[in-house]
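# Commentary on secondary and tertiary structure
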Amino acid sequence: MDLSDELGTGERIRVLRESRGMTRAALAHLCGRGPDWLKKIETGERELGSHTLLLRLGAALQVSDLSVLTGNSDGPAQLVPLAG
């Protein structure tokens, strides 16, 4: 999936979640959070400052590199450990 460089992290998370047919509640649950928290992240009302939560979101959305979520492709890949 090709995400626009203009999208913020929250918008990228929303696009990926929707493309995978996941509800906000399902993705939030996989991260140990509530759907209201995820809504705030997706709308930009709340900043996602936790690297651990970013990794959880990446794993739940099955992305191999955090740059897919952050849009920051400068530097080395930030690999996401995916469950088997």
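Residues numbered from 1 in each chain as written. Predicted model: local features only at pLDDT ≥ 70, side-chain atom pairs only at ≥ 80, totals over all residues. Heavy atoms only, no water.

### Section: the confidence of the model for the chain
Of all residues in the chain, 94% attain a pLDDT of 70 or more, and the chain-wide mean is 90. Per-element mean pLDDT across the chain ranges from 92 in helix α5 (residues 67-70) up to 98 in helix α3 (residues 35-43). (pLDDT = per-residue confidence, 0-100. Helix = DSSP H or I, 4+ residues; strand = E, 2+ residues; numbered from the N terminus.)

### Regarding the nonpolar core
Soluble globular proteins tend to pack their nonpolar side chains together in the buried interior. The biggest cluster of nonpolar side chains holds 20 residues, and the ones touching the most others in it are Ile 13, Leu 27, Leu 38, Leu 48, Leu 57 and Leu 69. Listed by contribution, the elements that provide at least two residues to this core are α1 (9-19), α2 (24-30), α3 and α4 (51-60). Here the element with the most residues in this core is α4; it accounts for four residues. Contacts of Leu 69, omitting those with residues within four sequence positions, involve Thr 9, Arg 12, Ile 13, Leu 16, Leu 54, Leu 57, Gly 58, Leu 61 and Val 63. (Core = buried A, V, L, I, M, F, W, Y, C linked by side-chain atoms within 4.5 Å. Buried < 20%, exposed > 50% of the residue type's maximum accessible area, 1.4 Å probe, protein only. Contact = heavy atoms within 4.5 Å.)

### What to know about a positive patch on the surface
A surface patch of positive charge is lined by Arg 33, Lys 40, Arg 46 and Arg 56. By secondary structure assignment, the location of Arg 33 is in the loop between α2 and α3. (Patch = residues over 30% accessible without salt bridge, like charges linked within 9 Å, V, L, I, M, F, W, Y side chains within 5 Å. Areas by Shrake-Rupley, 256 points an atom, 1.4 Å probe, with all protein chains shown as cover. Salt bridge = Lys/Arg side-chain N within 4 Å of Asp/Glu carboxyl O. Lys, Arg positive; Asp, Glu negative; His and termini not counted. Charge placed at Lys NZ, Arg CZ, Asp CG, Glu CD.)

### So, the pattern of salt bridges
Across all of its chains, the model carries four salt bridges by this definition. Glu 18 is the salt-bridge partner of Arg 14, the closest N and O atoms lying 3.1 Å from each other. With Arg 14 and Glu 18 both in helix α1 and four residues apart, this pair spans about one turn of that helix. The partner of Glu 42 in a salt bridge is Arg 24, with the nearest N and O atoms 2.8 Å apart. With Glu 42 in helix α3 and Arg 24 in helix α2, this residue pair connects regions lying 18 residues apart in the sequence. Residue class for Glu 42 comes out buried when judged on its relative accessible area of 4%. With relative accessibility at 26%, the residue Arg 24 sits in the partly exposed group. One network of salt bridges, with partners in common, ties together Arg 14, Arg 17, Glu 18, Arg 24 and Glu 42.

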